[in-house]
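Architecture and fold: a report
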Amino acid sequence: MTALDITGNIAVLGYGLAAIGPGVGVGLIFAAVINGTARQPEAQSKLQSIAWIGFGVTEVLAIIGIALAFVFRT
């Protein structure tokens, strides 16, 4: 069996790799909010609103990744 014998859709592998980035990004965003809230509790509302914007932008990467997986499927 050689590498040319492997069958399947490479777009699925690409989406799996593309989902790692947003997963790590969301974790880092909310870790920073928890850290900032622990340091300055009075800034929680401002930090939380910024975090939700960052969450939305980060999740767009996952949505683009799955859209491209459908576009490039063979």
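Numbers given to residues run from 1 along each chain, matching the order in which its sequence is written. pLDDT decides what is reported in this predicted model: residues at 70 or higher carry local features, side-chain atom pairs at 80 or more are listed and counted, and totals for whole chains, interfaces and linings draw on all residues regardless. Excluding hydrogens and water, the side-chain figures rest on all heavy atoms present in the structure.

**Considerations on the overall build of the protein**
The helix count covers DSSP runs of H or I at least four residues long, the strand count covers runs of E at least two residues long, and both are numbered beginning at the N terminus. Helix and strand counts for the protein come out as 3 helices and 0 strands. The N-to-C order of helical and strand elements in the protein reads α-α-α. Note on exposure labels: buried denotes an accessible area under 20% of the residue type's maximum, exposed denotes more than 50%, and partly exposed covers the range between, all computed with a 1.4 Å probe on protein chains only. Classification of the 74 residues of the protein by burial places 15% in the buried group. Every accessible area reported is derived by Shrake-Rupley at a probe size of 1.4 Å, with residue values counting cover from the shown protein chains alone. In the structure as shown, the protein presents an accessible area of about 5,700 Å², 72% of it carried by carbon and sulfur atoms.

**Structural notes on the side chain of T58**
Mapping T58 onto the fold places it in helix α3 (residues 44-71). Residue T58 is classed as buried on the basis of its relative accessible area, which comes to 12%. For T58, the side chain forms a polar contact with the main-chain oxygen of G54, separated by 2.7 Å. Aside from chain neighbours lying at most four places away, what touches T58 is P22, G25, V26 and I29. For this analysis, a polar contact is any N or O atom pair within 3.5 Å, provided that within protein one partner can donate a hydrogen and the other can accept it, and provided that sequence-adjacent residues contribute only side-chain to side-chain pairs. A contact between two residues is defined here by any heavy atoms of the two lying within 4.5 Å.

**As for helix α2 (residues 20-39)**
Expected helix span is taken as 1.5 Å per residue step, with the number of steps being one fewer than the number of residues. Over its 20 residues, α2 runs 29 Å from end to end, which matches the ideal 28 Å to within 8%, given 1.5 Å per residue. Every buried residue of α2 is listed here: P22, G25, V26, V33 and G36. Buried residues in α2, looked at end-on, bunch into an arc of 100 degrees, giving them a common side. Of the exposed residues in α2, those oriented more than 90 degrees away from the buried face are L28, I34, A38 and R39. In this context, the arc is that of the directions from the helix axis out to the C-beta atoms.

**Structural notes on the packing of α2 against α3**
Every axis corresponds to a line fitted to the C-alpha atoms, with the helix fit spanning only the stretch in contact, and the corresponding angles, defined between N-to-C directions, vary from 0 to 180 degrees. Relative orientation of the contacting elements α2 and α3 amounts to 175 degrees, with a least axis distance of 9 Å. What the angle tells us is that α2 and α3 run roughly antiparallel. Residue-level contacts link P22, G25, V26, I29, F30, V33, G36 and T37 of α2 to Q44, L47, A51, W52, G54, F55, T58, E59, L61 and A62 of α3. A per-class count over the contact of α2 with α3 returns 11 nonpolar, 6 polar and 1 charged. In these notes the angle categories are as follows: under 35 degrees is roughly parallel, over 145 is roughly antiparallel, 65 to 115 is roughly perpendicular, and the rest is oblique. Gly counts as polar in this scheme, as do all residues outside two lists: the nonpolar Ala, Val, Leu, Ile, Met, Phe, Trp, Tyr, Cys and Pro, and the charged Asp, Glu, Lys and Arg.

**Some remarks on α3**
With 28 residues, α3 extends 40 Å between its outermost C-alpha atoms, agreeing within 8% with the 40 Å of an ideal straight helix rising 1.5 Å per residue. For α3, the complete set of buried residues consists of A51, T58, A62, G65 and A69.

**Regarding the UniProt feature "transmembrane region" (unreviewed entry) in the protein**
Feature annotation in UniProt assigns "transmembrane region" (unreviewed entry) to the following positions: residues 12-38 and 50-72. As annotated, residues 50-72 has a helix share of 96% and a strand share of 0%, and its two end C-alpha atoms lie 34 Å apart. UniProt positions are given in the numbering used here, feature names are shortened, and annotations may be inferred rather than shown by experiment.

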